[in-house]
Amino acid sequence: QVRLVESGGGLVQAGGSLRLSCAASGRTSSTVTMAWFRQAPGKEREFVAAQSLIGGRTDYADSVKGRFTISRDYAKSTVYLQMNSLKPEDTAVYCCTAGRFALGNLSAPSIYEYWGQGTQVTVSS
């Protein structure tokens, strides 16, 4: 089993930056692909970014492309989400997720098996 714990959320003004962290523990061999999803109040969960160990595949949602960067520290079993040029519409609970597979569409939530509880990001205008 894998445990995921997010941190780094907070309140920031529009145009500012935050870096989220997600620390994995347990059977980290099951974290071939790791990703970030977010859910805003009254809206469904949406894909943000993902990275696979195999081939270094990285995917981003169009809404965050060019502003957010996903990266991993393999020695520490930690994935990061650097968020720049934040907008009020980025306000959401950001959740880290992980799965054993690296094929196909990395934005599909069905390929992920383990989920963190999320960290709140609030962007004020």
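Numbering of residues starts from 1 in each chain and follows the order in which that chain's sequence is written. Thresholds applied to this predicted model are a pLDDT of at least 70 for local features of residues and 80 or more for the giving and counting of side-chain atom pairs; totals over whole chains, interfaces and linings are not thresholded and use all residues. By convention in this description, side-chain values take in all heavy atoms of the structure and omit both hydrogens and water.

A. Structural view of the side chain of Thr97. Relative to the assigned elements, Thr97 resides in strand β9 (residues 92–99). A simple rule labels every residue: compare its accessible area, found with a 1.4 Å probe on the protein chains alone, to the largest value its type can have, and call it buried under 20%, exposed over 50%, or partly exposed in between. You can call Thr97 buried: its relative accessible area is 0%. Engagement of the side chain of Thr97 in a polar contact is seen with the backbone oxygen of Tyr114, the distance being 2.7 Å. Working definition: helices are DSSP H or I runs of at least four residues, strands are E runs of at least two. Numbering for both runs from the N terminus. Each polar contact in these results corresponds to two N or O atoms within 3.5 Å; when the atoms are within protein, one needs to be able to donate a hydrogen and the other to accept it, and residues that are neighboring in sequence are counted only if both atoms are side-chain atoms.

B. Just a nonpolar patch on the surface, in detail. Like-charged residues within 9 Å of one another, or nonpolar side chains (Val, Leu, Ile, Met, Phe, Trp, Tyr) within 5 Å, are grouped into patches, provided each residue has over 30% relative accessible area and no salt bridge. For every accessible area listed, the method is Shrake-Rupley and the probe measures 1.4 Å; residues are considered covered only by the protein chains on display. By salt bridge we mean one thing: a side-chain nitrogen of Lys or Arg within 4 Å of a carboxyl oxygen of Asp or Glu. Together, Leu53, Ile54 and Tyr74 make up a nonpolar patch on the protein surface, roughly 320 Å² of accessible area in all. Mapped onto the secondary structure, Tyr74 falls in the loop between β7 (68–73) and β8 (78–83).

C. Examining the side chain of Thr119 more closely. Among the structural elements, Thr119 can be located in strand β11 (residues 119–124). At a separation of 3.2 Å, a polar atom in the side chain of Thr119 contacts the main-chain amide nitrogen of Gly9. With sequence-adjacent residues up to four places away left out, Thr119 is seen in contact with Glu6, Ser7, Gly8, Gly9, Leu20, Ala92, Val93 and Tyr94. In what follows, residue pairs with any heavy atoms lying within 4.5 Å of each other are defined as contacts.

D. Summary view of the packing of aromatic side chains. We call Phe, Tyr and Trp rings a pair once their centres come within 6.5 Å, taking the six-membered ring for Trp, and we label the pair stacked below 30 degrees between planes, edge-to-face above 60, and tilted otherwise. Following the criterion strictly, the structure yields three aromatic pairs and no others. By the ring-pair criterion, three or more aromatic residues cluster together here, those being Phe37, Phe47, Tyr112 and Trp115.

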